[in-house]
Amino acid sequence: MKKILRYIIAIIFIASGFVKAIDVKGFSFKLEEYFSPDVFNLTFLQNFTLEIAIFVVALELVLGLMLLLKMKLKCTLISLIALCVFFAFLTFYSAYFNKVTDCGCFGDAIKFTPWQSFWKDITLLFGLLILWILNKKSGTLNNEKGFLKTPFLGIGILISAFIIYYGIAHEPLIDFRDYKIGTDLNVEKQKIAANPSEYKTCYTMKNTKTGEEKVVGQDEYVNQKEYWEEGTPWQIQKGKEVSVLVKQGYQSSIDKFKLEDENGNDITEQILHLPKVVIFFSYAPEKIKENDKNFLEYGIEDFIFNYKELNPKSEFYGVSTQKSFFKKVKSLTMDGTAIKTIARSNPFVLVLENGKIVEKKSLEDFKKENFE
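Details of the packing of helix 3 (residues 49-69) against helix 4 (residues 73-97)
Angle between the axes and distance between the axes: these two values describe a pair of packed helices.
No. 1: In the contact formed by helix 3 and helix 4, the axes pass within 10 Å of each other and the chain directions differ by 140°. Looking at the two axes, helix 3 sits oblique to helix 4. Pair helix 3 / helix 4 crosses with left-handed handedness. For the pair formed by helix 3 and helix 4, the contact residues are V56, L59, E60, L63, M66 and L67 on the first element and L73, T76, L77, S79, L80, L83 and F87 on the second.

Side note on the nonpolar core
No. 1: Among the nonpolar cores identified, the biggest contains 40 residues, and I9, F13, V57, L67, L77 and L128 are the most heavily contacted of them.
No. 2: Beyond its immediate stretch of four places on either side in the chain, V57 contacts G17, K20, A21, V24, F27 and I164.

What to know about the packing of helix 4 against helix 5 (residues 114-138)
No. 1: Contact pair helix 4 / helix 5: the axes reach a minimum separation of 8 Å and the direction vectors enclose 160°. One way to sum up the angle between helix 4 and helix 5 is to call them roughly antiparallel. Of the two elements, helix 4 crosses helix 5, and the hand of that crossing is left-handed.
No. 2: Residues that form the contact of helix 4 with helix 5 fall into these classes: 22 nonpolar, 4 polar and 2 charged.

Here we look at the sheet that holds strand 9 (residues 356-362)
No. 1: Taken in spatial order, the 5 strands of this open sheet run 7-6-5-8-9, and their pairing is mixed. Two strands in the sheet have a free side with no partner beyond their single neighbour: strand 7 (330-333) and strand 9. For this sheet the average axis-to-axis angle between neighbouring strands, irrespective of direction, equals 25°.
No. 2: Bridge count for strand 5 (residues 276-282) against strand 6 (residues 314-320) is 7 bridges, and the pairing is parallel. Within the sheet, the bridge partner assigned to S282 lies in strand 6 and is S320.
No. 3: On the sheet, helix 12 (residues 363-370) packs against strand 5, strand 8 (348-353) and strand 9 and is oriented at approximately 105° with respect to strand 9.

Examining the packing of aromatic side chains
No. 1: Overall, the coordinates contain 19 aromatic pairs when judged by the stated rule.
No. 2: Centroid distance F89 to Y93: 6.4 Å. Interplanar angle 45°. Geometry classified as tilted. In this pair, F89 and Y93 both sit in helix 4, 4 residues apart, roughly one turn of the helix.
No. 3: Judged by relative accessible area, F89 falls into the partly exposed class, the value being 48%.
No. 4: Ring centres of F281 and F348 lie 4.9 Å apart, and the angle between their planes is 10°; this geometry places the pair in the stacked category. With F281 in strand 5 and F348 in strand 8, this pair connects stretches of sequence that are 67 residues apart.

Definitions and cut-offs
- Residues numbered from 1 in each chain as written.
- Predicted model: local features only at pLDDT ≥ 70, side-chain atom pairs only at ≥ 80, totals over all residues.
- Heavy atoms only, no water.
- Axes fitted to C-alpha atoms, helices over the stretch in contact; angles between N-to-C directions.
- Helix = DSSP H or I, 4+ residues; strand = E, 2+ residues; numbered from the N terminus.
- Parallel < 35°, antiparallel > 145°, perpendicular 65-115°, else oblique.
- Left-handed = near helix turned anticlockwise from the far one by under 90°.
- Contact = heavy atoms within 4.5 Å.
- Core = buried A, V, L, I, M, F, W, Y, C linked by side-chain atoms within 4.5 Å.
- Buried < 20%, exposed > 50% of the residue type's maximum accessible area, 1.4 Å probe, protein only.
- Nonpolar A, V, L, I, M, F, W, Y, C, P; charged D, E, K, R; others polar.
- Pairing = 2+ DSSP bridges.
- Phe/Tyr/Trp six-rings, centres within 6.5 Å; stacked < 30°, edge-to-face > 60°.

Below, the structure is given as structure tokens:
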């Protein structure tokens, strides 16, 4: 039992770390949410989210590998228990105060609600404590033998380092997002429209005599006259209406794919029905590196000219969070969070054919492939 439990917990940590390592930038975006003023108000850490994300992912992977190989077991278990306590606090805070709706524990590969994430952390914590007790009883807690296993740990670290580096320098090796290559955005939007989520409005009622408050649905409010009959102590609290999900429809982040021109007109449908369109995206125009900025300012016209020789039906657009940011192509705007969901590079290029994603690369990689 002891060995099986150790393997299971180790694999969970390795899998969690591996998925985040593939898309470490995506995990850093999630940390930005936690550090925002609305959550923990640690805004001074928002400039270091990528570094923190790399550290947390590396720690999770190394500790998971050490547990799997049974190396420095006492130190490994203590570290994993501390990590679980930390994550349990984050997920409980998110769940209780409804602040961050997805903790990013398994990146975009597996979506957990905050409460699911919290109970997952509690289960892992419980399993680690059992491992501690069992190994302490058997006298194997202080087992420091592991010299022959060091090369395996080293190989695991090198593979992890390459995966993290590749995801930062380019795009994730494996794309778990809704915007993976081959996705037809028109089909996805049709699925969303055919199976929408349904919500109902609930009122916060307060009893003026007892001070009791409770949330009541529309149907319950109408059917129970104690809430609205003359002389009732129950009163609707204005501004405290909540929308409650009653039927989960088709879920896809593609419902946030909305392109607007400089006048605020939604031209998404027009773009998605073009034979071929090349779109330059930036979720943070102010952070674009100088070489990419120079290309967008001076070299993009030559690029378009050369690209059109091979792709005469192509249209070109630039999309960012700022109006009129792009000067050499038609400039559109889109929500920054929605842009981050598509790809992690800043800037990046998305190529669509009749709404189907056929290419998605960082601008640097796209230039090397099509221009240089």
